[in-house]
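Coordinates in review
Each chain, written out:
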Amino acid sequence: MSFVADPVTFIIDWLQRVLGGWGLSSGWVQFILFALGAILLTVGPMLLTVGLIWVERKLGGRFQDRLGPNRVGPWGVFQTIADMLKIFTKEYITPIGADKVLYNLAPILAVGAVLGVWAVIPLSSTIFGTNINVGVLYIMAVGAIGELGVILAGLGSNNKYALLGGFRAVAQLISYEVPMVLALLVPVMLSGSMGLNDIAGAQKVAYVFLVPAAALVFFIAAIAENGRAPFDLMEADSEIVAGFNIEYSGLKFGMFYVADFLHAFTSALVFSTIFLGGWQGPGAEQYPILGFIYLMIKTVIVYVFLLGVRFTLPRFRIDQMMAVNWKLLTPLAMAAILVTAIVDKLTPGGFGLVRIVALLVSNVGLLLITNWLVGAYVRAHRARRQVVSGPRTVVVAPPKPVSEAQEVNA
Amino acid sequence: MLHEWFYLVIFLSIAFLLPAAAILIAGLLSPRKTGKIKTSTYECGIETVGSSKIQFKAQYYLFGLIFLIFDVETVLLFPFAVAYQKILLFGVIEAVLFVLILAAGLAYAWRKGALDWH
């Protein structure tokens, strides 16, 4: 393997030789390599966030016909760095009566949980933290720690607004885990493994073309898990001021901010790994560095789409949000599992044309039926609400009688 | 196998230490001037009445309960999903029955009105 084709394996081999040459035992060499890899994979995303925040604010401005940040540096690229310097020197204000442990633990959990996901994501066929055989379950488990951070922030702040935000987080984040896990069952079924590298490697055809129903459910649930518009109920500024993070200041608030922006990118990364084929692409097997580029291109496309959703849709009401989850996404995910399981077993294996077409047609059919059912449901509700019937009669004002003054003048 | 989990232990400890260290460093850099009014609970300028540990809607609890049941039952489906490529149609039908029982539970909760937000 040359350096250009696969730099990571090349560097690992080189480091192993160098460290082995120093007379370290193989266990210690392994430990040092693990620690180096872990530091790279945690510090990297943290630094990436600096760029992400600028991209998101700038693109958000464009989506909403604004300019976005444009003062600090060309196109405002140094805006985030200026914000960072400011937030680093801001005072921490801990409210009276706050539960110190929960209050301080919450922002750490929020960021750590998002970073933890990066340990199992294959950035390329050879570049990944680790390929554990329960990667999908690991992602869900670590994601749940992030939800715990939000809930603890609401509980520990000794503030009613924060507590309301925490309640909403319980209702929303926890509920949307159900369709998310159900949707994740489908790619696991098709690839026969829970390891993310195996799932990415099994996609000769991206799963979004095989099982669009599960991909759609996962995408919507991922937006909701992010806790941003249109699902930003737990920090709805117009209703509960800032929700769970109202009492945070300085870098403790900054950590929630980082977690929010990084979570969006991480969701896009997970989506493109599981449903868009991850690092797969022409020549990705021979040149793992190409796989990394393919994955990033896919992720950025999904990410921009996510931003488009965020900056254009209005917020759901809480009853609508719960109804979308329990009455639409959960049954749809279950139906997607059933349809995929039966159709896939009846068609021959591999990536033959028959199997692809059968899966695609059955999934699109499922989505069309769902669309029709939702339409019928909405129409039934609208019909019940309508009370006044018949076209409104237009009352024409009678012509004004000619006033006396005018008569006199005439 | 084991060293993969060892890697996760190292990774997660660094992932949680990193934000903790950043918060600690920022705490050393930032000024410290507390006051009674400054640290009072923020409620848009209005003085707080009573404790902040208020009663909450029972609905939140209800949804938590439904979530618990569904999440556990979903996790039970993962072994089936991993073995799916190897099992025969008979096994698939069994899994279909399991999902249908799950769906029946959802339909029951729906019919009882547990999924409506009041």
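Parameters at a glance
- Residues numbered from 1 in each chain as written.
- Chains lettered and ligands numbered in written order.
- Predicted model: local features only at pLDDT ≥ 70, side-chain atom pairs only at ≥ 80, totals over all residues.
- Heavy atoms only, no water.
- Helix = DSSP H or I, 4+ residues; strand = E, 2+ residues; numbered from the N terminus.
- Rg over C-alpha atoms; globule rule 2.2 N^0.38 Å.
- Buried < 20%, exposed > 50% of the residue type's maximum accessible area, 1.4 Å probe, protein only.
- Areas by Shrake-Rupley, 256 points an atom, 1.4 Å probe, with all protein chains shown as cover.
- Lys, Arg positive; Asp, Glu negative; His and termini not counted.
- Charge placed at Lys NZ, Arg CZ, Asp CG, Glu CD.
- Salt bridge = Lys/Arg side-chain N within 4 Å of Asp/Glu carboxyl O.
- Contact = heavy atoms within 4.5 Å.
- Buried area = accessible area lost by both parts, 1.4 Å probe.
- Polar contact = N/O pair within 3.5 Å; in protein donor to acceptor, adjacent residues only side chain to side chain.
- Nonpolar A, V, L, I, M, F, W, Y, C, P; charged D, E, K, R; others polar.
- pLDDT = per-residue confidence, 0-100.

Quick look at the overall build of chain B
For chain B, the count of helices and strands is three helices and zero strands. The helix and strand sequence of chain B, counted from the amino end, reads α-α-α. Over its C-alpha trace chain B gives a radius of gyration of 25 Å, far above what one expects of a compact globule, namely 13 Å for 118 residues. With respect to the principal axes defined by its C-alpha atoms, chain B has extents near 70 × 50 × 15 Å. When burial is assessed residue by residue, chain B has 35% of its 118 residues classed as buried. With an accessible surface of roughly 7,800 Å², chain B has 73% of that area assigned to carbon and sulfur atoms. Separation between the mean location of the 9 positive side-chain charges and that of the 7 negative ones in chain B comes to 14 Å.

Notes on the pattern of salt bridges
All names here are of chain A. Under the criterion given, the structure shown has six salt bridges over all chains. Between Glu-56 and Arg-310 there is a salt bridge; the shortest N-O distance is 2.5 Å. Here the residue Glu-56 occupies a position in helix H2 (residues 26-63), and Arg-310 occupies one in helix H13 (residues 288-312), the gap between them amounting to 254 residues. With relative accessibility at 1%, the residue Glu-56 sits in the buried group. Among the ionic pairs, Arg-228 bridges to Asp-260, the shortest N-O distance being 3.5 Å. Taken together, the positions of Arg-228 in the loop between helix H10 (212-226) and helix H11 (237-240) and Asp-260 in helix H12 (residues 250-274) put the pair 32 residues apart, joining distant regions of the chain. Through salt bridges with shared partners, a single network forms among Glu-56, Arg-228, Asp-260 and Arg-310.

Considering the interface of chain B and chain A
On the chain A side, the residues contacting the 71 residues of chain B number 84 residues. Across the chain B to chain A interface the summed buried area is about 6,900 Å²; carbon plus sulfur atoms make up 77%. Applying the counting criterion to the chain B and chain A interface returns zero salt bridges. Counting across the chain B and chain A interface gives five residue pairs in polar contact (both at pLDDT 80 or more). When contributions to the side of chain B that touches chain A are tallied by element, the ones reaching two or more residues are helix H1 (2-29), helix H2 (58-83) and helix H3 (89-111) of chain B. For the side of chain B that touches chain A, the leading source of residues is H1 of chain B, giving 21 residues. The class makeup of the residues in the side of chain B that touches chain A is 49 nonpolar, 13 polar and nine charged.

Some points on the side chain of Glu-247 of chain A
Its place among the elements puts Glu-247 of chain A in the loop between H11 and H12. No salt bridge is formed by the buried Glu-247 of chain A. Its closest oppositely charged neighbour is Lys-252 of chain A, at 11 Å. Among the polar contacts made by the side chain of Glu-247 of chain A, one reaches the side chain of Asn-159 of chain A at a distance of 2.8 Å. Other than its neighbours up to four places away in sequence, Glu-247 of chain A contacts Ile-93, Pro-95, Tyr-103, Ser-157 and Asn-159 of chain A together with Ser-40, Thr-41 and Tyr-42 of chain B.

Digging into the confidence of the model for chain A
Averaged over all residues, the pLDDT of chain A equals 82, while 93% of them reach at least 70. Model confidence for chain A, summarised as mean pLDDT per element, is weakest for helix H16 (residues 404-409) of chain A at 53 and strongest for H10 of chain A at 90.

Re the side chain of Ser-30 of chain B
Following the sequence through the fold, Ser-30 of chain B ends up in the loop between H1 and H2. A distance of 3.3 Å separates the side chain of Ser-30 of chain B from the backbone oxygen of Gly-27 of chain B, its partner in a polar contact. Ignoring anything within four residues of it in the chain, the contact list for Ser-30 of chain B reads Phe-88, Thr-89, Lys-90, Glu-91 and Tyr-92 of chain A.

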